[in-house]
Amino acid sequence: MMKRRTFTTLAAIAVAAAVALPAAAQETLKVGAVAPKTGPLAGGATVTYWPNVQLWVHDVNARGGLDVGGTKYMLEVVEYDDQTNPGQTIQAVQRLVNQDGAQIVLPPYSTGLNLAAAPIYNRFGLPMVTSTATTDKAGELSQQFPNVFFTLGGAQGIVGGVVEAFTALRDRGDIGNKLAMVNVADAFGIELMGQAKPAFEAAGFELVYESSYPLGSQDLSPVMKAAKAAAPDAFIAWSYPPDTFALTEQAIVEDLQVGAFFTAVATAFPGYVGRFGAQAEGVLGIGGVYADGAAFQEYAARHEQVTGAKPDFWASAMVYSSFQVLEQSIEAVGSFDNAAIIQHIKDNAFETVIGTLDFDENNNNTSFWTVGQWQGGVFKGVASTGREGAVEVLPKAGWN
Amino acid sequence: MRLSSKDWQTLTFATLALAAAACLPFLTAGYWLTIGVTIAMYTVLSTSWALFSGPTHYISLATAAFFGVGAYVVGYGIEHLPYWSLLVIAGVIGAVMAALVGLTTLRLSGVYFVIFTLGLAEFIRQVITWVQNWTGQKGIYVLTSITEAHIYWQLVGLAALVFLTGWLIGRSRLGFALRIIGDDEEVARHSGIRTARAKILLFMVPGAVGAITGAILAPRYVYIEPILAFTPMLSFQVVIMALLGGTGRLWGPIVGVIPFTLLWEAISASFPNQTTLLLGLSFLVIVYLLPRGFVGLIDDIRARAGREALA
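Residues numbered from 1 in each chain as written. Chains lettered and ligands numbered in written order. Predicted model: local features only at pLDDT ≥ 70, side-chain atom pairs only at ≥ 80, totals over all residues. Heavy atoms only, no water.

**Section: the overall build of chain A**
Convention followed: Working definition: helices are DSSP H or I runs of at least four residues, strands are E runs of at least two. Numbering for both runs from the N terminus. The globule rule used for comparison is 2.2 Å times the number of residues to the exponent 0.38, while the radius of gyration itself is calculated over C-alpha atoms. Categorising residues by exposure relies on relative accessible area from a 1.4 Å probe, with only protein chains included: less than 20% of the type maximum marks a residue as buried, more than 50% marks it as exposed, and the intermediate range marks it as partly exposed. Note on contacts: a residue pair is in contact if any heavy atoms of the two residues lie within 4.5 Å. In these tables, accessible area is a Shrake-Rupley quantity obtained with a 1.4 Å probe, and a residue counts as shielded only by the protein chains included in the view. Only four residue types enter the tally: Lys and Arg on the positive side, Asp and Glu on the negative side, with His and both chain ends excluded. To locate a charge, the coordinates of NZ of Lys, CZ of Arg, CG of Asp or CD of Glu are taken.
Counting its secondary structure elements, chain A contains 14 helices and 15 strands. A globule of 400 residues ought to have a C-alpha radius of gyration of about 21 Å, and chain A, at 24 Å, matches this closely. Seen along its three principal axes, the alpha-carbon backbone of chain A occupies a region of about 90 × 50 × 40 Å. Out of the 400 residues in chain A, the part that is buried amounts to 56%. In chain A, 67% of the contacts between residues at least 6 apart in sequence involve partners at least 24 apart. Carbon and sulfur atoms form 53% of the exposed surface of chain A, whose accessible area is close to 14800 Å². The average position of the 23 basic charges and that of the 39 acidic charges among the side chains of chain A differ by 10 Å.

This is the structure:
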């Protein structure tokens, strides 16, 4: 039998060790993240959002932690699933700040969930550098929520980019004037179509076919058949992930011969080229990155190595960049004074994986990628509102 | 109307309870207030749902449809009309919608009604989308200075109205008619009760309340889009919470809403990667252990206590 004194000594050592170990390690800092893991937007968040949370925390910890006024903090993530429900997003942000004591709260995912959470971030005075919200109302929103920043642009910029790319193709003689344009009948698709119609007409294009289809349509072959019957020179679909895939599929089946083929959201996903392979060559879509730039290539390699998945070629890099803005600002300010951090974000420009991020007086990053194109298995940016590294847009050469 | 001393007791207790609930924003502006908003919202929705579905046994899955319409009324109207008037408009539209739905479906037997109401949210979502598509509508923003506390108080106020309505219906001829309809519709019809009219009138209550709740919550959403405003999950949650509490009593749903919200919160907080799985398991446990809801459990305990007191 163990003597009582031995036992007491052992116990004391154990307690001392338990107390001493964490003290010897670095300070830890809780980082909160809330986004869909279930519900309609879980698919997009799984590609674009969650891997970047993992990667960013990995990167910061790998270089020794976040340096705040001379103290190194190791990051520890607290993740919540908001079930694609704005009420849950708000509740989770509350929980992160009040119950978990998170010092940093990353922005949520998607336009709707970001804007629903804006008032609560604002109430806590948290800096909120959104990366997946698209809006043309940055001015009004930043008036109401001065802590919120926008990076991904809005429908206006995107439509401008698409018109620019198509006009370039036409002026070079690669495509004619006849345009077929369809949209998914849902918020973002409607907004883009609404702005694209007058913009293309002003640019001298003739709309030979236009149509919309409901969200969640299973069979899009009638849409593609009708579009083909109108004999367009170019095709545009303001589409969402499922229909981006379905319309491309139908274009291949119908062998739609156009000099420019554009589908919107999810064209930039690695899964797109994974599905269509060489047939994706020349397809245009929303987004793009400076794919040949060293910053993006390093980022993409790290992303794949750490998370086991490839980043997409639109918002992924922006999500990571928005975390970098936060990281650089906290280190520059040297404390967790959120008001000072927000002011620092307003006043400075930031070097990130997407390039330089600089916010205007509306807390808006006005230079963002608008159009990309699959070229040699990589989705390269071909149009932007002032980003460096755009490549020349190429005509689409058949499907086979 | 004459009130017995028991009625006065009930009224006094309800008033005190609501007054106590209204004090929450003074105690906390943070985490618990947010939970409070969720609880108040589901209390309003579940109680009004049970007012109709309790006595008639018609399971309505239309909550999301009414809620979404209310949210859109505020979304479209906030720049043109004062906020308070929008709540009234939302309530009227919700009631009219419920009446129309009632006219077409409440003569049918239960299962057709369930299917129809489930489709209703999707249908209205499509109609709104169609109109937006047709007009080239841009995103809808609701930018106001309404805070979480304001939303909470509005919901508590609406809850008071719902409880009062329920209490008055329970004492009225309509309430009596509905209890007979619930027991046996055939008998009710033969007794000269106009069953369809009674059901439609009652269905207008959850219709109006659902729409007003959507209108109250719209400023919290800031950005209104169909996928979030018409989420079918809402309809199911309301039914589950009401059944967990028990629909036999006016206060039944609330004893379901509170533990369910806290349980959900605990699951979301502790197991963020398994919410759906654990929620499903909780449902199974609830259905097996509490088939009549908490109201049934409380009644059992009371009955047992009564027997022991006699013995």
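Anyway, onward from the coordinates.
**Quick word on the packing of helix α12 (residues 232–245) of chain B against helix α13 (residues 252–270) of chain B**
For any two helices packed against each other, the geometry comes down to the angle between their axes and how far apart the axes lie. Residue and element names in this part refer to chain B. Rules: An axis is simply a line fitted to the C-alpha atoms; with a helix, the fit covers only the stretch in contact. Between two such axes, the angle follows the N-to-C directions and lies from 0 to 180 degrees. Two helices crossing with the near one rotated counterclockwise from the far one by less than a right angle form a left-handed crossing, whereas a clockwise rotation gives a right-handed crossing. When residue character is reported, Ala, Val, Leu, Ile, Met, Phe, Trp, Tyr, Cys and Pro are called nonpolar, Asp, Glu, Lys and Arg charged, and the others, Gly included, polar.
As a packed pair, α12 and α13 sit with axes 6 Å apart at the nearest point and diverge in direction by 120°. Considering how the two elements wind past one another, α12 and α13 form a crossing that is right-handed. Between α12 and α13, the contacting residues are Met233, Gln237, Ile240, Met241, Ala242, Leu244 and Gly245 on the first element and Gly252, Pro253, Val255, Gly256, Val257, Phe260, Thr261 and Trp264 on the second. Taken together, the residues of the contact of α12 with α13 sort by class into ten nonpolar, five polar and no charged.

**Quick word on the interface of chain A and chain B**
Rules: Here the quantity called buried area is the total loss of accessible area, with a 1.4 Å probe, experienced by two parts when brought into contact, counted for both. Salt bridges are identified by distance alone: a Lys or Arg side-chain nitrogen within 4 Å of an Asp or Glu carboxyl oxygen. In the analysis that follows, any N or O atom pair within 3.5 Å is treated as a polar contact, provided that within protein one partner can donate a hydrogen and the other can accept it, and provided that, for residues neighboring in sequence, both atoms belong to side chains.
On the chain B side, the residues contacting the 41 residues of chain A number 37 residues. Buried area between chain A and chain B, summed over both chains or domains, comes out near 3300 Å², and the portion from carbon and sulfur atoms is 55%. Its largest share of buried area at the contact with chain B, chain A owes to Gln91(A), Arg95(A) and Ile190(A), together 16% of the area lost on that side. Inspection of the chain A/chain B interface yields one salt bridge. A salt bridge links Arg95(A) to Glu265(B); the shortest N-O distance between them is 2.4 Å. Connecting chain A to chain B are ten residue pairs in polar contact (both at pLDDT 80 or more). Counting only elements with at least two residues in the side of chain A that touches chain B, the list comes to β3 (71–81), α4 (86–99), α5 (111–124), α6 (138–144), β7 (178–185), α8 (187–202) and β8 (206–214) of chain A. Top element by residues in the side of chain A that touches chain B is α4(A). It accounts for nine residues. In terms of residue class, the side of chain A that touches chain B is made up of 15 nonpolar, 16 polar and ten charged.

**What to know about the pattern of salt bridges**
Tallied over the entire structure, the rule returns 22 salt bridges over all chains. The salt bridge involving Arg275(A) is made with Glu249(A); its shortest N-O contact spans 2.4 Å. Here Arg275(A) is found in helix α11 (residues 270–276), whereas its partner Glu249(A) is found in helix α10 (residues 241–254), with 26 residues between them in sequence. We classify Glu249(A) as partly exposed; its relative accessible area is 30%. In this structure, the salt-bridge partner of Lys199(B) is Glu185(B), at a minimum N-O distance of 2.8 Å. In this pair, Lys199(B) is assigned in helix α10 (residues 195–221) and Glu185(B) in helix α9 (residues 185–190), connecting sequence segments 14 residues apart. Relative accessible area serves as the criterion here: at 1%, Lys199(B) is assigned to the buried category. Judged by its relative accessible area of 21%, Glu185(B) is partly exposed. Ionic contacts of the salt-bridge type, sharing partners, join the residues Glu185(B), Glu186(B), Arg189(B) and Lys199(B) into one network.

**Comments concerning the side chain of Asn365(A)**
Residue and element names in this part refer to chain A. Mapped onto the fold, Asn365 is located in the loop between β13 (355–358) and β14 (369–375). For Asn365, the side chain forms a polar contact with the main-chain oxygen of Thr151, separated by 2.8 Å. A distance of 3.2 Å separates the side chain of Asn365 from the backbone oxygen of Ser367, its partner in a polar contact.

**Details of the nonpolar core**
How we decide: Only buried Ala, Val, Leu, Ile, Met, Phe, Trp, Tyr and Cys residues count toward a nonpolar core, and they belong to the same one when joined by side-chain atoms within 4.5 Å.
Judged by nonpolar contacts, the single largest core of 132 residues is most densely connected at Tyr49(A), Phe166(A) and Trp238(A). For this core, the element with the most residues is helix α13 (residues 315–333) of chain A, which contributes nine residues. Apart from residues no more than four positions distant in its own chain, Tyr49(A) is found in contact with Ala33(A), Val34(A), Ala35(A), Gly44(A), Leu106(A), Pro107(A), Pro108(A), Tyr109(A), Val319(A) and Phe323(A). In terms of nonpolar packing, the next biggest core, distinct from the first, is built from 88 residues, Leu33(B), Tyr42(B), Ala71(B) and Ala188(B) among them.

**Overview of the pairing of strand β9 (residues 234–238) of chain A**
All names here are of chain A. Using the following cut-off: Paired strands, in this sense, are two strands between which DSSP finds at least two bridges. Note on handedness: a clockwise path from strand one over the helix to strand two, with the strands aimed away from the viewer, defines a right-handed crossover.
Along β9, five of the five residues are buried, which leaves the element largely enclosed by surrounding structure. By the alternation rule, side chains of β9 split into Ala234, Ile236 and Trp238 and Phe235 and Ala237, which are all buried. As paired strands, β7 and β9 are joined by five bridges and run parallel to one another. Note that in β9 the partner of Val182 across the bridge is Ala237. Examined bridge by bridge, β9 and strand β10 (residues 260–263) share four bridges and lie parallel to one another. Bridged to Phe235 within β10 is Phe261. Between the parallel pair β9 and β10, the chain is carried across by α10, and the sense of this crossover is right-handed.

**Focus: helix α7 (residues 155–171) of chain A**
Residues and elements named next belong to chain A. Rules: Multiplying 1.5 Å by the helix residue count minus one yields the expected span of that helix.
The end-to-end C-alpha distance of α7, which contains 17 residues, comes to 24 Å, matching closely the 24 Å that a straight helix rising 1.5 Å per residue would cover. Within α7, twelve of the 17 residues are buried, which leaves the element mostly enclosed by the surrounding structure. Taken residue by residue, α7 has Ala155, Gly157, Ile158, Val159, Gly161, Val162, Val163, Ala165, Phe166, Thr167, Leu169 and Arg170 as its buried positions. Taken from the residues just after α7, Gly173 is the one with a positive phi, measuring 85°.

**With respect to the confidence of the model for chain A**
Any segment with low pLDDT has predicted coordinates that should not be analysed in fine detail. Stated formally: Each residue carries a pLDDT score, the predictor's confidence in it, ranging from 0 to 100.
Residues with a pLDDT of 70 or more make up 94% of chain A, whose mean pLDDT is 90. Of the regions scoring below 50 in pLDDT, residues 14–24 of chain A engages in one contact with residues more than four places distant in sequence or in other chains.

**Quick look at the UniProt feature "transmembrane region" (unreviewed entry) in chain B**
All names here are of chain B. Put simply, the rule is: UniProt positions are given in the numbering used here, feature names are shortened, and annotations may be inferred rather than shown by experiment.
When the UniProt feature table is mapped onto this chain, "transmembrane region" (unreviewed entry) is found at residues 59–78, 84–103, 151–170, 200–221, 227–244, 251–271 and 277–298. Counted over residues 59–78, helix gives 75% and strand 0%. Its end C-alpha atoms are 33 Å apart. Counting secondary structure, residues 227–244 comes out at 89% helix and 0% strand; the distance between its end C-alpha atoms is 27 Å.

**Overview of the domain arrangement of chain A**
Residue and element names in this part refer to chain A. For clarity, the cut-off: Residue ranges assigned to the domains are those given by an automatic or database domain assignment.
Partitioning chain A into structural domains gives domain 1 (26–154 + 292–369) and domain 2 (155–289 + 372–384). The gap between the C-alpha centroids of domain 1 and domain 2 is 30 Å. Residue-level contacts link 15 residues of domain 1 with 23 residues of domain 2. Across the interface of domain 1 and domain 2, roughly 1600 Å² is buried in total on both sides, 70% from carbon and sulfur atoms. When residues of domain 1 are sorted by the area they lose upon contact with domain 2, Phe313, Trp314 and Trp369 head the list and together hold 49% of the total. Viewed at the interface, domain 2 and domain 1 are joined by one salt bridge. With its nearest N and O atoms 3.6 Å apart, the salt bridge here joins Lys380 to Asp292. Across the domain 1-domain 2 interface, the total number found is eight residue pairs in polar contact (both at pLDDT 80 or more).

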